[in-house]
Amino acid sequence: MKIIEKPNIISPGMLVAGIGFFDGVHLGHQALIGNIVQTARERNMSSAVVTFRSHPRQVLHNNYCPHLINSFEERMQHLSETELDYCIVLDFTQDMSMLSARQFISFLAEDYGISCLYVGYDHRFGHNRLEGFSDYVRYGKELGVDIIRAQAYHPGGKHVSSSVVRTLLSQGKVEEAASLLTYSYCLEGEVIEGHKLGRELGFPTANLRLTDNNKIIPANGVYAVRVQLPNGSLKNGMLNIGTRPTVSNGSDRSIEVNLFDFSGNLYGCVLKVFLIAFLREEERFSNIEKLIAKIQKDKEHTLRILLSQ
Ligand SMILES: Cc1cc2nc3c(=O)[nH]c(=O)nc-3n(C[C@H](O)[C@H](O)[C@H](O)COP(=O)(O)O)c2cc1C
Ligand SMILES: Nc1ncnc2c1ncn2[C@@H]1O[C@H](COP(=O)(O)OP(=O)(O)O)[C@@H](O)[C@H]1O
């Protein structure tokens, strides 16, 4: 998949595209992309999605802070794992938000050579999202762009959407989220210094400062994880997200991971942590010995989960 970031007519009138933000590139997105690719093949054309670098709401509302499933780089990575030929990345601007639906379709046709556009069953575009699908079809006819309505995808009768996945993640339901995403949710961050207490407990923990502040932080609790080190190697581990109520009265939320079968200095390294399963909620223990005993049990629980996969 080639990423197109500037107006570029790949082959005039020979591009089948879908439009959306595609946060998560979940099963529903994958089904839509499957339809785009199939239509492109039937028509001897190329396939693409049109997406936005930042969430349009971030541009329209200055202080809006989205809670997203993917960073931009992750979204590009997951899209590139599909069979799409191109991903057209637009920088959503105030000017773009003023375009009517007709002007936007015309822009896609003229600047990118799009001749067939899949529009999500619930997707609306154009200034103030005033118009609907029948209007898009009419403008498409006038402009020579075939507009197709993408159907909702309900595997096993379940509704799949980015909002459903976001809710699952914020509730800590990482396994259910992974079944809709087709991959485990990932948090990436640089290892920073913590309170140096982990080593005293016998479980040193790499404290993470997240690379992307717009990503969802799953519910507080303990998770079984796989950790990718900068050299690409994978380690099993356990992650705690929370306020560490046994050792601290503060409300600061830390994200810290203990790696199994590892010793060494990780400060300054960037780790990717894949959340495989939720183990339990964070608890306040009456003393450190009880906390240590529980973390030891968490380790056994984590190993049972990760080694059975
Ligand atoms: C698997 C795991 C589970 C944890 N569970 C709890 C918990 O239930 N309650 C709590 O107060 N702290 C919990 N912690 C946090 C420890 O208190 C924390 O690792 C310790 O304070 C070390 O912090 P430091 O790296 O900043 O020194 C957990 C840590 C790990 C790695
Ligand atoms: N198995 C391990 N898992 C996580 N971090 C480890 C491990 N072994 C060594 N380390 C190192 O120890 C640090 C964590 O020790 P800790 O006492 O918890 O200090 P801090 O409070 O600064 O995180 C990590 O940042 C990393 O550099």
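The name given to the protein chain in an unreviewed UniProt entry is Riboflavin biosynthesis protein, and the organism recorded there is Coprobacter secundus subsp. similis. You can read under Sequence similarities (unreviewed entry) in the UniProt record for the protein chain the words "Belongs to the ribF family."

Novice: Would you mind going over the nonpolar core in detail, with residue names and values included?
Specialist: Counting residues in hydrophobic clusters, the biggest one holds 31 residues, and the most contacted among them are Leu-239, Val-257 and Leu-271. Of all the secondary-structure elements, those providing two or more residues to this core are helix H7 (162-170), helix H8 (174-181), strand E7 (186-192), strand E8 (206-210), strand E9 (221-228), strand E10 (234-242), strand E11 (254-259) and strand E12 (270-280). Ranked by the residues each element gives to this core, the list is headed by H8, at 4 residues. Ile-88, Tyr-112, Ile-114 and Val-145 belong to the second-largest nonpolar core, a separate cluster that totals 28 residues.

Novice: How would you summarise the side chain of Ser-71 if you had to cite specific residues and measurements?
Specialist: Secondary-structure assignment places Ser-71 in the loop between helix H2 (56-60) and helix H3 (72-80). Ser-71 has contacts with Asp-212 and Lys-215, leaving out every residue within four places of it along the chain.

Novice: Please provide a residue-by-residue account of the environment of Ser-263, values included.
Specialist: Counting through the fold element by element, Ser-263 comes out in the loop between E11 and E12. Once the C-alpha coordinates of Ser-263 and Gly-202 are considered, the two residues, 61 residues apart in sequence, prove to be 12 Å apart.

Novice: An account of the site of ligand 2 is requested, with residue identities and associated values reported.
Specialist: In the neighbourhood of ligand 2, 21 residues make up the surrounding shell, with Gly-194, Lys-196, Arg-199, Leu-266 and Tyr-267 lying closest. Separating an oxygen atom of ligand 2 from a side-chain N or O atom of Asn-207 is a distance of 2.9 Å. One of the side-chain N or O atoms of Tyr-267 is found 2.6 Å from an oxygen atom in ligand 2. At the level of secondary structure, the elements contributing two or more residues to the shell around ligand 2 comprise helix H9 (198-201), E8 and E11. With 3 residues, the single largest contributor to the shell around ligand 2 is E11.

Novice: I'd like a rundown of the domain arrangement of the protein chain, residues and numbers included.
Specialist: You can read the domains of the protein chain as domain 1 (2-157) and domain 2 (184-307). Centre-to-centre, using C-alpha coordinates, domain 1 lies 37 Å away from domain 2. With 9 residues of domain 1 in contact, the opposing surface of domain 2 contributes 6 residues. With both chains or domains summed, domain 1 and domain 2 bury close to 610 Å², and 46% of this area falls on carbon and sulfur atoms. Among the residues of domain 1 in contact with domain 2, Leu-68, Ile-69 and Glu-74 are the three that bury the most area, contributing 51% of the side total.

Novice: Before we move on, could you go through the site of ligand 1 and cite the residues and values that matter?
Specialist: Near ligand 1 you find 23 residues, and of these Leu-197, Thr-205, Thr-246, Arg-280 and Glu-283 are the closest. One nitrogen or oxygen atom from the main chain of His-195 is found 2.9 Å from an oxygen atom belonging to ligand 1. Take Thr-246: an N or O atom from its side chain is 2.8 Å from an oxygen atom of ligand 1. Alone, ligand 1 offers 620 Å² of accessible surface; in the complex the protein occludes 99% of this. Secondary-structure elements contributing two or more residues to the shell around ligand 1 are H9, E10 and helix H10 (288-307). The element contributing the most residues to the shell around ligand 1 is H10, with 3 residues.

Novice: I'd like to hear about the packing of H7 against H8, residue by residue, with values.
Specialist: Axis separation between H7 and H8 bottoms out at 8 Å; the angle between their running directions is 155 degrees. The orientation of H7 relative to H8 falls into the category roughly antiparallel. Considering only the axes of H7 and H8, their crossing is left-handed. Here Val-164, Val-165, Leu-168 and Leu-169 of H7 lie close against H8, whose contacting residues are Val-174, Glu-176, Ala-177, Leu-180 and Leu-181.

About the cut-offs
- Residues numbered from 1 in each chain as written.
- Chains lettered and ligands numbered in written order.
- Predicted model: local features only at pLDDT ≥ 70, side-chain atom pairs only at ≥ 80, totals over all residues.
- Heavy atoms only, no water.
- UniProt positions renumbered as here; feature names shortened; annotations may be inferred.
- Core = buried A, V, L, I, M, F, W, Y, C linked by side-chain atoms within 4.5 Å.
- Buried < 20%, exposed > 50% of the residue type's maximum accessible area, 1.4 Å probe, protein only.
- Helix = DSSP H or I, 4+ residues; strand = E, 2+ residues; numbered from the N terminus.
- Contact = heavy atoms within 4.5 Å.
- Near = heavy atom within 4 Å.
- Polar contact = N/O pair within 3.5 Å; in protein donor to acceptor, adjacent residues only side chain to side chain.
- Domains from an automatic or database assignment.
- Buried area = accessible area lost by both parts, 1.4 Å probe.
- Areas by Shrake-Rupley, 256 points an atom, 1.4 Å probe, with all protein chains shown as cover.
- Axes fitted to C-alpha atoms, helices over the stretch in contact; angles between N-to-C directions.
- Parallel < 35°, antiparallel > 145°, perpendicular 65-115°, else oblique.
- Left-handed = near helix turned anticlockwise from the far one by under 90°.

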